[in-house]
Amino acid sequence: MQDITSTNNTADARRDRRATRDIEVTGLGKRYGAVPVLNAVSFTLRDGEFLTLLGPSGLGKTTTLGIIAGFVDADTGDVRVAGNSLLPLAPRYRNLGIVFQNYALFPHLTVVANVEFGLRMRKVAAAERARRAQRMLERVGLAEFAQRMPAQLSGGQQQRVALARALIIDPTALLLDEPLGALDRRLRQQVGIELKKIQRETGVSVLHVTHDQEEAMVMSDRLAVMRNGRIEQIDLPTNVYKYPSTRFVADFLGEANLLDVTVNENDGTHAVVTYADGARGRVHVSAARGAGGAGSTGTVCVRPERLRLAAGRDEAPNSATGAFISCLHLGASLRCVIKALDRELVLTLPDHSGFSAPEPGTPVRLAWGMADGQLLAEDTY
């Protein structure tokens, strides 16, 4: 019989090893003159995790990455691995792999020489460099291109060379700054899938910066939405989409119907609200941050796919009467617009739903369930 104590010790040791490769970011702050760029940014990049910093341009994502990499000095806060601060260390001593949007390949070196570069800087013997570079090129599917120059490669192939060069040093983590931004949409999707596959196979931790919502949703294990130098919400991608914490997150990530309401009751989990037409409804309360109490005004988010056209005696907890405006066929889905609650609401339906669009101006009734509406926290900054 296997020794239980030994098994537990092995499991504990494995967890300890993984914990030593976590990157803990605490309270990062940065100002350029009078302009604040980062304000108390804190999160942990877990070992083996793919974490994405998502948000509009100019709101602190790349600055956060630059501080971790060592290219930018923080005004406040710390970055630690296994309890040791990385901030006093020069970039070359932080053992982090970095891939930029322009890939930064050396144009005068062959593919294999580019991949070997980090090992050469670490004084690894030539035979070992060649062996590890060959294995890494095989892993990214470029072994046959080893002697080509970067200019002879496609954008997707150059991206994989940059990735191989970053991975070959066995980094604590891989930092990706808009690595797919220079590719066209189709190639970006293809290379993104390959990148995620390689990350899973190698088990390397990844901190990824992007403003592309689809890219972030598809590739990430967790998603951190940034706004004004802060992390607005961090969670699983599906949770951030389904349960946004604030109006900003709901509006930035995907399409959202944002409805102004008055809060009548709020027990922290569910709320009774009054809509613009005077009708009452019952919705879920975002758990990420508290929403307003009774008597306050607020915002309810309903995603387009969560709305439905009510028929007959549909006794949904939330409903609104409006006028049909238009419907567009988007291939796999239909995008319909209905004027209701003093605004234009968007409803999406699957193409196979059999829906036949009525004439513009036709009265229609919309309905949604309690869990389909999220009462959001009020923006505080």
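Our subject is the structure that appears above.
Residues numbered from 1 in each chain as written. Predicted model: local features only at pLDDT ≥ 70, side-chain atom pairs only at ≥ 80, totals over all residues. Heavy atoms only, no water.

Draft legend 1. Spatial organisation of the sheet that holds strand E13 (residues 280-285). Taken in spatial order, the five strands of this closed barrel run E11-E12-E13-E20-E14, and their pairing is mixed. Along the sheet, successive strands turn relative to each other by an average axial angle of 55°, direction set aside. Here strand E12 (residues 270-274) pairs with E13 via five bridges, running antiparallel. Opposite His270, over in E13, you have His284 as the bridge partner. (Pairing = 2+ DSSP bridges. Helix = DSSP H or I, 4+ residues; strand = E, 2+ residues; numbered from the N terminus. Axes fitted to C-alpha atoms, helices over the stretch in contact; angles between N-to-C directions.)

Draft legend 2. Expanded view of the nonpolar core. In this structure, Val115 and Leu174 are the most contacted members of the largest nonpolar core, which totals 35 residues. In terms of residue count, helix H5 (residues 155-167) provides more of this core than any other element does, six residues in total. If we ignore the near neighbours within four places in the chain, the residues touching Val115 are Ala133, Met136, Leu137, Val161, Ala164, Arg165 and Ile168. Grouped together as the second largest cluster of nonpolar side chains are 26 residues, Leu51, Ile67, Val79 and Leu207 included. (Core = buried A, V, L, I, M, F, W, Y, C linked by side-chain atoms within 4.5 Å. Buried < 20%, exposed > 50% of the residue type's maximum accessible area, 1.4 Å probe, protein only. Contact = heavy atoms within 4.5 Å.)

Draft legend 3. Quick look at the layout of surface pockets. Considered as a void within the structure, the largest pocket measures approximately 540 Å³ in volume. Along the walls of the largest pocket sit 19 residues, with Leu96, Phe117, Gly118, Arg122 and Ile169 positioned nearest its centre. For the lining of the largest pocket, the secondary structure elements donating two or more residues are strand E6 (96-99), helix H3 (111-121) and H5. By residue class, the composition of the lining of the largest pocket is 13 nonpolar, three polar and three charged. One number sums up the size of the second largest pocket: a volume of about 330 Å³. Among the elements that line the lining of the second largest pocket, the one with the most residues is helix H4 (residues 126-139), at four residues. When the residues that make up the lining of the second largest pocket are grouped by side-chain class, the tally is five nonpolar, four polar and six charged. (1 Å grid on protein atoms, 1.4 Å probe; cavity = no way out; pocket = protein on both sides within 12 Å on 5 of 7 lines; lining within 4 Å. Points joined across faces, edges and corners; volume = space filled by probe spheres on them. Nonpolar A, V, L, I, M, F, W, Y, C, P; charged D, E, K, R; others polar.)

Draft legend 4. Structural detail: the environment of Val206. As for its placement among the helices and strands, Val206 is situated in strand E8 (residues 205-210). The class of Val206 is buried, set by a relative accessible area of 1%. Excluding anything up to four places from it in sequence, Val206 contacts Leu45, Glu49, Phe50, Leu51, Leu174, Leu176 and Gln199.

Draft legend 5. Spatial organisation of the pairing of strand E4 (residues 76-81). Taken together, the five bridges between strand E1 (residues 23-32) and E4 define a ladder with antiparallel strand orientation. The residue bridging Ile23 from the neighbouring strand is Val81, located in E4. Where E4 meets strand E5 (residues 84-85), two bridges bridge the pair, whose relative direction is antiparallel. Across the sheet, the residue bridging to Val81 is Asn84, located in E5. What sits between the antiparallel neighbours E4 and E5 is a turn of two residues, in which Ala82 has the positive phi angle 55°.

Draft legend 6. View of the packing of H5 against helix H6 (residues 185-202). It is the contact of H5 with H6, at a shortest axis distance of 10 Å, that shows an interaxial angle of 20°. As summarised for this structure, H5 and H6 are arranged roughly parallel, according to the angle between their axes. Considering only the axes of H5 and H6, their crossing is right-handed. Along the contact surface, H5 presents Gly156, Gln159, Arg160, Leu163 and Leu167, while H6 presents Leu187, Val191, Glu194, Leu195, Ile198 and Thr202. Counted by class, the contact of H5 with H6 contains six nonpolar, three polar and two charged residues. (Parallel < 35°, antiparallel > 145°, perpendicular 65-115°, else oblique. Left-handed = near helix turned anticlockwise from the far one by under 90°.)

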